[in-house]
Amino acid sequence: MNTTLEAPIQINASPSLPAPGALSIRSLSKEYQIDGRPLNVLSDINLDIAPGEFVSIVGRSGCGKSTLLRLIVGLDTDYGGSIALDGERIKSTSLDRGIVFQEHSLLPWLTVEQNVAFALFNHPLPEAEKKRRVAALIDLVNLKGFEKAWPRQLSGGMAQRAAIARALVNEPKVLLLDEPLGALDALTRIYLQNELQRIWIRHRSTMIMVTHDVEEAVYLSDRVVVMDAKPGRIKRTLKVPLPHPRDRASHILQDIKEEVLSDLTDKPSEE
Amino acid sequence: MATRVEFPFKLTALRGLVLPLALLTWWEFESHRDAAHTFTFVPLESIAASFFDTLRSGDLISNWWASVVRTLTGFLVGAGLGITLGALMIFSRWIDRLINPIYHAIRQVPLLGWIPLISLWFGNGEYSKLFVVALASFYPTVLNTYEGLRNIDEKYISVAQVLKLTRRQFLWHVTFPNALPGIYAGLMQATAFAWLSSIGSEFFFNPGPGLGTMMMNGQSNFHMEIVMVTVVVISLTGFAMNTLLFRLSRRSLRWRGTR
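Residues numbered from 1 in each chain as written. Chains lettered and ligands numbered in written order. Predicted model: local features only at pLDDT ≥ 70, side-chain atom pairs only at ≥ 80, totals over all residues. Heavy atoms only, no water.

## A word on the overall build of chain A
And step 1. Counting its secondary structure elements, chain A contains 8 helices and 10 strands.
And step 2. Whereas a compact globule of 271 residues would reach a radius of gyration of roughly 18 Å, chain A reaches 18 Å, a difference of no more than 12%.
And step 3. When the 271 residues of chain A are sorted by exposure, 55% land in the buried category.
And step 4. Of all intrachain contacts in chain A linking residues separated by at least 6 positions in sequence, the fraction that spans at least 24 positions is 71%.
And step 5. Summing over all exposed atoms, chain A offers an accessible surface of approximately 11,900 Å²; the carbon and sulfur share of this is 53%. (Helix = DSSP H or I, 4+ residues; strand = E, 2+ residues; numbered from the N terminus. Rg over C-alpha atoms; globule rule 2.2 N^0.38 Å. Buried < 20%, exposed > 50% of the residue type's maximum accessible area, 1.4 Å probe, protein only. Contact = heavy atoms within 4.5 Å. Areas by Shrake-Rupley, 256 points an atom, 1.4 Å probe, with all protein chains shown as cover.)

## With respect to the overall build of chain B
And step 1. Counting its regular elements, chain B contains 12 helices and 0 strands.
And step 2. In chain B, the succession of helices and strands from N to C terminus is α-α-α-α-α-α-α-α-α-α-α-α.
And step 3. Whereas a compact globule of 259 residues would reach a radius of gyration of roughly 18 Å, chain B reaches 23 Å, over 25% beyond that.
And step 4. Expressed as lengths along the three principal axes of its C-alpha atoms, the size of chain B is roughly 75 × 60 × 30 Å.
And step 5. By residue count, 41% of the 259 residues in chain B fall in the buried class.
And step 6. At a minimum sequence separation of 6, the contacts of chain B that also span at least 24 residues come to 70%.

## Some points on the sheet that holds strand β3 (residues 54-58) of chain A
Residue and element names in this part refer to chain A.
And step 1. With mixed pairing, 6 strands are arranged side by side in an open sheet as β6-β7-β8-β3-β9-β10. Edge strands, defined here as strands with exactly one partner in the open sheet, are β6 (97-100) and β10 (233-239). Adjacent strand axes in the sheet meet at a mean angle of 20° when their direction is disregarded.
And step 2. Relative to strand β9 (residues 223-228), β3 runs parallel, the two sharing 4 bridges. Counted as the bridge partner of isoleucine 57 is valine 225 from β9.
And step 3. Of the strands in this sheet, β6 and β7 (174-178) touch helix α5 (residues 156-168), which is tilted by about 175° from β6.
And step 4. The sheet contacts of helix α8 (residues 251-265) involve β3, β9 and β10, and relative to β10 the element is tilted by about 170°. (Pairing = 2+ DSSP bridges. Axes fitted to C-alpha atoms, helices over the stretch in contact; angles between N-to-C directions.)

## Description of the packing of aromatic side chains
And step 1. One pass over the full model with this rule turns up 14 aromatic pairs over all chains.
And step 2. Ring geometry for tryptophan 109 of chain A against tryptophan 255 of chain B: centres 5.6 Å apart, planes inclined by 70°, an arrangement best described as edge-to-face. Placement of the pair is tryptophan 109 of chain A in the loop between β6 and α3 (112-118) and tryptophan 255 of chain B in the segment after α12 (224-252), with the two residues belonging to separate chains.
And step 3. Residue class for tryptophan 109 of chain A comes out buried when judged on its relative accessible area of 8%.
And step 4. Judged by relative accessible area, tryptophan 255 of chain B falls into the buried class, the value being 11%.
And step 5. In this structure an aromatic cluster arises from ring pairing among Trp109 of chain A together with Tyr156 and Trp255 of chain B.
And step 6. The ring of tryptophan 200 of chain A is capped by arginine 204 of chain A, whose NZ or CZ atom sits 4.0 Å from the centre of that ring.
And step 7. Stacked on the ring of tyrosine 219 of chain A, the Lys or Arg arginine 248 of chain A has its end atom at 4.0 Å from the ring centre. (Phe/Tyr/Trp six-rings, centres within 6.5 Å; stacked < 30°, edge-to-face > 60°. Lys NZ or Arg CZ within 6 Å of the ring centre and 35° of its normal.)

## Regarding the nonpolar core
And step 1. One finds Leu23, Ile25, Leu28, Ile72, Ile83, Ile208 and Val260 of chain A to be the most contacted residues of the largest nonpolar core, which totals 104 residues.
And step 2. If you tally residues by element for this core, the top one is helix α10 (residues 167-204) of chain B, at 9 residues.
And step 3. Leave out the neighbours within four places in its chain, and isoleucine 208 of chain A touches Leu23, Ile49, Val55, Ile57, Leu69, Ile72, Val174, Leu175, Leu176 and Leu177 of chain A.
And step 4. Counting residues in each nonpolar core, the second largest holds 18 residues, with Val42, Leu211, Met214 and Ile234 of chain B among its members. (Core = buried A, V, L, I, M, F, W, Y, C linked by side-chain atoms within 4.5 Å.)

## Quick notes on the packing of helix α8 (residues 126-150) of chain B against α10 of chain B
All names here are of chain B.
And step 1. Packing of α8 against α10 brings their axes to within 7 Å, and their N-to-C directions diverge by 160°. Our classification of the angle between α8 and α10 gives roughly antiparallel. Regarding α8 and α10, the two cross each other, and that crossing is right-handed.
And step 2. Taken together, the residues of the contact of α8 with α10 sort by class into 12 nonpolar, 13 polar and 2 charged. (Parallel < 35°, antiparallel > 145°, perpendicular 65-115°, else oblique. Left-handed = near helix turned anticlockwise from the far one by under 90°. Nonpolar A, V, L, I, M, F, W, Y, C, P; charged D, E, K, R; others polar.)

## Some remarks on the pattern of salt bridges
Where charged atoms from two side chains of opposite charge come close, those side chains can pair.
Residues and elements named next belong to chain A.
And step 1. Under the definition given, this model contains 25 salt bridges over all chains.
And step 2. One salt bridge in this structure joins arginine 26 and aspartate 48, with 2.7 Å as the shortest N-O distance. Pair noted here: arginine 26 is in strand β1 (residues 23-34) and aspartate 48 is in strand β2 (residues 37-49), with a separation of 22 residues, a long-range link.
And step 3. Owing to a relative accessible area of 36%, arginine 26 belongs among the partly exposed residues under this scheme.
And step 4. Residue classification places aspartate 48 among the partly exposed residues on the basis of a relative accessible area of 38%.
And step 5. Residues joined in a network through salt bridges with shared partners are Glu129, Arg132, Arg133 and Glu171. (Salt bridge = Lys/Arg side-chain N within 4 Å of Asp/Glu carboxyl O.)

## Here we look at the sheet that holds strand β5 (residues 88-89) of chain A
All names here are of chain A.
And step 1. Within the open sheet, the 4 strands sit side by side as β2-β1-β4-β5. Their pairing is antiparallel. One side of each edge strand has no neighbouring strand; the edge strands of this open sheet are β2 and β5.
And step 2. Running at roughly 115° to β1, helix α2 (residues 65-73) makes contact with β1, β2 and β4 (80-85) of the sheet.

## What about the interface of chain A and chain B?
And step 1. If you look at the interface, chain A gives 27 residues, while chain B gives 20 residues.
And step 2. In terms of surface lost to chain B, no three residues of chain A exceed Trp109, Phe118 and Asn122 of chain A, which account for 28% of the buried area on that side.
And step 3. Scanning the region where chain A abuts chain B turns up 1 salt bridge.
And step 4. As a salt-bridge pair, lysine 155 of chain B and glutamate 103 of chain A come within 3.1 Å of each other at their nearest N and O atoms.
And step 5. For the interface between chain A and chain B, the tally reads 9 residue pairs in polar contact (both at pLDDT 80 or more).
And step 6. Secondary structure elements with two or more residues in the side of chain A that touches chain B: α2 and β6 of chain A.
And step 7. By residue class, the composition of the side of chain A that touches chain B is 15 nonpolar, 7 polar and 5 charged. (Buried area = accessible area lost by both parts, 1.4 Å probe. Polar contact = N/O pair within 3.5 Å; in protein donor to acceptor, adjacent residues only side chain to side chain.)

So this is what it looks like as structure tokens:
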């Protein structure tokens, strides 16, 4: 279908690849008011993410990992401490930071192509260049031939790939993934994990993924951040010292996965 | 992409004709039982003859046209104002608070209940009929536009924020298409109400050209076949209007698929 995809992996081969960003999170805290009382959702989060790094955040529900992503993307700016991208404090959303939600959230009245192009709506590129980029991204996520399809005609996995294309078309410095594969069946998940790895190797933007799936986190990431709940905080950070692309069956991956799992389960859940 | 097995003949389309044909057969049978039945159940051939008579004399066309024009005018005015008001109530809290209670209070009064007042204000002629049609189209469009614009999925708001859409872009590219199914639902109801009230209004105000008047005249002159002709024409016209708008809505909402 597409020969360039099978070509040997070259990092930063294309001149139009975005410069990945460095993210720095310092003593970040976040409170919600529940029934008039403050609830500490995130407490003293410190995390540095290098340009081009793939970091996963795992933790049981309620540990604030999705909240953390919302803060980084800039959908919520009411927090304590600081989040900075390339030294600049995050004050609102920006085309520098893309996000893929658990639900694909494609606009149902736009075709796949229009949905991807929609992300370039406020981008100062010339039209021809926008067109070229949209086509390249649709190609990258293997949706060639589905440009004119409506979102309702896509399977869950295809829709999520379209959403990834939409998030990447702006060439963001950071791509945030909020349980992007969480709603998919097991086979589609594995397929999309491989796709995600391939896209990341080709694209090399900084990626931060929140997931429930420890195996997925370990397989894809350079580092896995384990979070704990009440208040949401970082319990531990593990390096995954293997080059990409990886072999799923690798013993090192298995060992790290066991370690993360035991980290997540060593204290009985309070829920 | 979506492949469906299609029969060479659309047998399913013919299924809808089964019941009408059975009814017509029964009707024709009843009409030939005796003289009294011939009066109450007008034989189909008399109806057909009357149809061509009134068609040739121009009566049918002119009355039909009068009702159709009234319906379209009233519909355009009522639905236009309805969409505008529904949108204004969404975009201005102030207008919403001002209008919403009174809208819902007034809506409870049946259209017929306004007729004495309407004839007092607009007289007994065409303007009053137009007002009734406009009002009938107005109610459902306000409500559906309002609901359509208001019910917007949280995730689309997040997407708009992440993509840095301006307020205007958000309105035009997210809010409006998101509300379109609701607006169409309102328009579908409005056309049905407009047509019904256009005919109905002729019964309550001074006679003028229109299918309702034609029907009343047929009744008072004991021309039951004319009554039947108007019944059939009213029903078919209403059906055609509905179908037309339905096709249009399906075309502009093709992203939703057929349902």
